[in-house]
Structure formats: structure tokens, C-alpha cells
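What follows is each chain in one-letter form.
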Amino acid sequence: MLQRIVVVANRLPVRRVGDGWETSPGGLVSAVTPLLVDRPGSWVGWTGDAGPAPARFVHAGIEQVPVPLDEDEIDGFYSGFSNGTIWPLYHDAIRPPEFHRHWWRPYVAVNERYAHAAAAVLQPGDIAWIHDYQLQLVPGMLRRLRPDVKIGFFLHIPFPPAEIFARMPWRGAILDGLLGSDVIGFQTRLARHNFARAVRYYTPGRATTRLAQHHDREVQLQTAPISIDTERLTSLAATEETSRRVARLQSELGNRRIILGVDRLDYTKGIDVRLRAFDTLLDEHPECQEDVVFVQVAVPSRTGVGQYQNIRESVELQVGRINGLRGTVHRQPVHYHYGSLPIEELIAYYAAADVMCVTPLRDGMNLVAKEYVAARRDDSGVLVLSEFVGSAEELKPALLVNPYDLDRVADTLWKALHLPEAEAARRMRLMRRRVRSHTVFDWARACMDALT
Ligand code: GDG
């Protein structure tokens, strides 16, 4: 019989609508729910509302186990330690991480609560599958409570070089927490190697890049790049409805060629980099102003964290400056959308874009790059991709750039707009082959295989 799986993630896969619940959209949810439908399982997580949590309930065949968080915990555990300390530190310290004991304490307390909630629903022999940087202490805590289950952990974001991780005042406790797992999954080889070095430097245990020693146990280190539901996106791109939306978009944008960016509004995503590169492109090739438009979709994110308010202001200032200096009443070089789009509309943007510009300064994987490739059914379109995202390991035929090299990014945008059709199609074909042969379901299966 298949083993039961208990997923432990910051958020539950459902959100409230009126008096009931609906499944939240998102990659993790669509990857993991089929696993839980095929076999019995539960999902432990927060509902997204402050205050007491509802009792366990079943939604779409999956037992939901809500974990409560109060306002202070949302400040300290979520906005504070998770997004003000770990997030910047693990993304190469692009912004200075803040270290506060009054954030660390709620991080420990909330991790303890998730561990207890999981322990209460686990049965002997079950698999506990814990996700991401908010819950790094849970594997160790859970092992102490339930030594009779298998424990997997998957880190969705990068693991930084040991020299950067070194700054973390609680680095020993974090490594100890993660090493409570049987298997730790990383997006890239680089993240796995960085982690192995951190184990060698900051714990008494030994580690190769595949196996870490922790007390008397061995912990397997795995590279498992996450992916997308390629078939679903490709068939969404093929609908009549999408073609209608593409035609409308193109005409609304003056039938210019489209360079597209789609991101959560996060300082790691390099939105400012690509706007500056686009500005440079227009400086150097004023003719582009006539027939190229830059479209940026920026999805609001973590608006309670100060650094996110700053990045929003600076991006909007840049957009205003470019449009103010270079635009006319009829023609704005940059179209900026602050807000999230329905998936059908997002796919139409992908299908309409001649060039997709993905320039994070650091990113665990970046699914947007893979989604763009999945949406290009006729092998047209050019992907400009940062070297510093996990998906660059798989999408090597993209035009790869160092996002810190502004002139090079600008040159690459120009090159992307002028790439011979055959060359663009050859690159896109190779990338499409990759996203077809490695989907989010393959990712989930690889993670489960390592645990069973
Ligand atoms: C973290 C890691 C890793 C975006 N705008 C809209 C929209 N989206 C969807 C995209 C994509 C997802 O959001 C964003 O995923 P990314 O991978 O690009 O980035 P993060 O949110 O930072 O995710 C990342 C990921 O976890 C998975 O492990 O790849 O490195 O940072 O799926 O399509 N969806 C809709 N409207 C929008 O406007 N419907």
C-alpha cells in the first residue's frame, strides 16, 4: 500500500471564499495535490487569517490541518525572520538581512507549533514532507516527536554560499533543524554544494555533496529542480480564447514588438535592472522607440515589509521617468501593471511577447521562464534569462545574461529583438523539449522516490 503523506507548508492549499474554501492557485498546490488524491494524506499549514484557526476539515479529498498565527507572530515569524532575515540572506544578501532576537523567538515558537500539528496527524511509517525557508526547524523538532516517520524537506529558494550563511547568528540551530530530515531537496546543484559546505564548517558532522552525517544518522542531499504543469499551460495557450486575447493585447499596444517581464514585486527579481537596460537600449537605438514596448506585470507581495515598499517606489519612479522623458500622449514606452492577472490573461501575455526578460539577481528556480517556454507553441519568441536563477541550469539555450552587467543586458535585448527566426526557433525547440520532459509531476515523483 502507498505510504500516507503529510505535507507541512507555511500556507494551506486552500483559501477562504465566503463561508467556504476553494483551492488556491499555484505550482506547489497543483504539483502536490495529485499525490494526495491518489493516496490518503493531510496538509498542515496556515489559513492566511490572523487569530484562532478552524478545526481540521476535508477539502477536495485532502485533510486540512490549520495552524493558528496571531498578529505578533505574523510580524515576528513571517514578515520578520522569514522575510526580513532569511529571504535576503539566502538571496546573496542583496539587501542587508536584519538579525533580531525578537524575530528569532517567534520563528522557533511557530516552527514548534507546525511540528506539533504534524506530529498529531502522522501515523507510524508515514512520510512528512516539509516545505521551504519558513519551516527549517521543523524537521529536527518533528524527529524528536516522531522518530517513527520518514522526513523530507524541500528548499524552494537558494541556499547561499557558506561565507554568507556564516553571518546567521542561529546558523547551528538552523542546520540542526534541517538535518533532522532523511532527505533534503534543493533546486540546484549549487545550492546543494553550498549546503554541504555549511554542514562541514558549522556542524561537527561530515558531509559530501550527496550525504551529510548528523549524529548517528545519514541525511541524503538531493537536487530536484521544480517545474510546471507544462501540458496544462501549453493547451491553455492553444485555445481560441487565448488567440483572441493575444490579438486584442497586440492591438492595444499599438502592434509594437513586446518585451515582457512578469514577477512578484520583489527586490530579488531585478525589475529595476531590466528597466535600466531598456532605457539604455532606447538611448543607443532610438529607432526602437517606434516599434518596441516594454510590458511589466508586477504582482503585489509582502507589502508589510519595508524593503518591499522601497522597491515598489523605485520601480514606479523609473517607469514614470522613462515614460515622462520618452513617451508621448499616444505612445508610452513602458506599460506597467501593478496587480495580479487571471491565468488566462497571463498566458495571453506570454503568447504575445516577442521577448521575455527574466533578470533576477538571484532566484531559486523561476517558473515564469519555464511558463513562457511552455506557452510558445510555434517555437517563436526569445527568452533573455539571468545566469543566477535555478532555471538557467536547464534552459541553457536562452540568451543568458549577468544581470549586474547593464550594458550587456541592453545589448542582449537588442540581440533578442533581432535574432534570426531560425536561430530563435532552434533555441526555443530545445527549451520546449526540456519543459515537456521534466514537469512538476516529475519533480514530485523524484522527491517521493528519494523518500521511499
Ligand atoms: C518561489 C521561488 C521558485 C506571477 N504573476 C502572476 C502569476 N504569477 C505566477 C507565475 C508563477 C509564480 O507566480 C511565480 O513563481 P516564480 O518561480 O517565478 O517565483 P516565486 O514566487 O518567487 O517562487 C522561486 C518557486 O518558489 C517554486 O519553487 O521557482 O525561485 O522564489 O507560477 O505564473 N499568476 C497569475 N497571475 C499573475 O499576475 N495567475
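Residues numbered from 1 in each chain as written. Predicted model: local features only at pLDDT ≥ 70, side-chain atom pairs only at ≥ 80, totals over all residues. Heavy atoms only, no water.

*Asks:* Explain the sheet that holds strand β14 (residues 334-338) to me, using residue names and the numbers behind them.
*Replies:* By way of backbone hydrogen bonds, the strands of a sheet pair with one another, either parallel or antiparallel. In space, the six strands of this open sheet follow the order β14-β13-β12-β15-β16-β17, with parallel pairing throughout. Of all strands in the sheet, those bounded by a partner on one side alone are β14 and β17 (399-401). Strand after strand, the sheet turns through a mean of 20° between neighbouring axes, direction not considered. Taken together, the three bridges between strand β16 (residues 382-386) and β17 define a ladder with parallel strand orientation. Residue pairing across strands places S386 opposite V401, the latter belonging to β17. Each of β12 (257-264), β13 (292-299), β15 (355-358), β16 and β17 touches helix α15 (residues 406-417); the most contacted strand, β17, lies at about 170° to it. (Pairing = 2+ DSSP bridges. Helix = DSSP H or I, 4+ residues; strand = E, 2+ residues; numbered from the N terminus. Axes fitted to C-alpha atoms, helices over the stretch in contact; angles between N-to-C directions. Contact = heavy atoms within 4.5 Å.)

*Asks:* Please give an account of the side chain of Q307 that cites residues and values.
*Replies:* Mapping Q307 onto the fold places it in helix α12 (residues 306-326). Leaving out residues up to four positions away in the same chain, Q307 has contacts with R95, P96 and Y267.

*Asks:* Tell me what's going on with the packing of helix α8 (residues 230-237) against helix α14 (residues 367-375), and back it up with residues and numbers.
*Replies:* Between α8 and α14, the shortest axis-to-axis distance is 8 Å and the interhelical angle comes to 50°. Looking at the two axes, α8 sits oblique to α14. Remark: the crossing between α8 and α14 carries right-handed chirality. Across from T230, L233, T234 and A237 in α8, the residues of α14 making contact are E371, A374 and A375. Looking at side-chain class alone, the contact of α8 with α14 contains four nonpolar, two polar and one charged residues. (Parallel < 35°, antiparallel > 145°, perpendicular 65-115°, else oblique. Left-handed = near helix turned anticlockwise from the far one by under 90°. Nonpolar A, V, L, I, M, F, W, Y, C, P; charged D, E, K, R; others polar.)

*Asks:* So what's going on with the pattern of salt bridges? Which residues, and what values?
*Replies:* Pairing is possible between side chains that carry opposite charge, provided their charged atoms lie close to one another. Under the defined criterion, the tally for this structure stands at 30 salt bridges. Among the salt bridges present, the one from D279 reaches R321, with a minimum N-O distance of 2.9 Å. Taken together, the residues span a long stretch of sequence, with D279 in helix α10 (residues 271-284) and R321 in helix α12 at a distance of 42 residues. Given the relative accessible area of 14%, D279 is considered buried. R321 sits in the partly exposed class, given a relative accessible area of 44%. Look at the salt bridges and you will find they share partners, linking E241, R244, R245, R248, E252 and E345 into a network. (Salt bridge = Lys/Arg side-chain N within 4 Å of Asp/Glu carboxyl O. Buried < 20%, exposed > 50% of the residue type's maximum accessible area, 1.4 Å probe, protein only.)

*Asks:* Just give me the short version of a negative patch on the surface, but keep the residues and values in it.
*Replies:* A cluster of like negative charges, contributed by D70, E71, D72 and D75, occupies part of the molecular surface. Take D72: it is sitting in helix α2 (residues 71-90). (Patch = residues over 30% accessible without salt bridge, like charges linked within 9 Å, V, L, I, M, F, W, Y side chains within 5 Å. Areas by Shrake-Rupley, 256 points an atom, 1.4 Å probe, with all protein chains shown as cover. Lys, Arg positive; Asp, Glu negative; His and termini not counted. Charge placed at Lys NZ, Arg CZ, Asp CG, Glu CD.)

*Asks:* Please provide a residue-by-residue account of the nonpolar core, values included.
*Replies:* V44, F159 and F195 are the most contacted members of the largest nonpolar core, which has 95 residues in total. Counting residues per element, this core draws most heavily on helix α3 (residues 101-121), which supplies ten residues. Residues in contact with V44, not counting those within four places in the same chain, are V6, V7, V8, A9, L12, V65, V67, Y114, A117, A118 and V121. (Core = buried A, V, L, I, M, F, W, Y, C linked by side-chain atoms within 4.5 Å.)

*Asks:* Run through the packing of aromatic side chains, naming residues and quoting values.
*Replies:* Across all of its chains, the model carries 22 aromatic pairs by this definition. Ring plane angle 85° and centroid distance 5.2 Å describe the contact between F159 and F195, whose orientation is recorded as edge-to-face. On the criterion of sequence distance, the pair formed by F159 in the loop between β8 (150-154) and α5 (162-165) and F195 in helix α7 (residues 189-202) is long-range, its members being 36 residues apart. With respect to burial, F159 and F195 carry one shared label: buried. Three or more aromatic residues joined by ring pairs form one cluster here, namely F77, F81, W104, Y107, Y114 and W170. In this structure, R11 packs its charged tip against the face of W46, placed 5.4 Å from the ring centre. Cation over ring: R312 sits above Y338, and NZ or CZ is 3.7 Å from the ring centre. (Phe/Tyr/Trp six-rings, centres within 6.5 Å; stacked < 30°, edge-to-face > 60°. Lys NZ or Arg CZ within 6 Å of the ring centre and 35° of its normal.)

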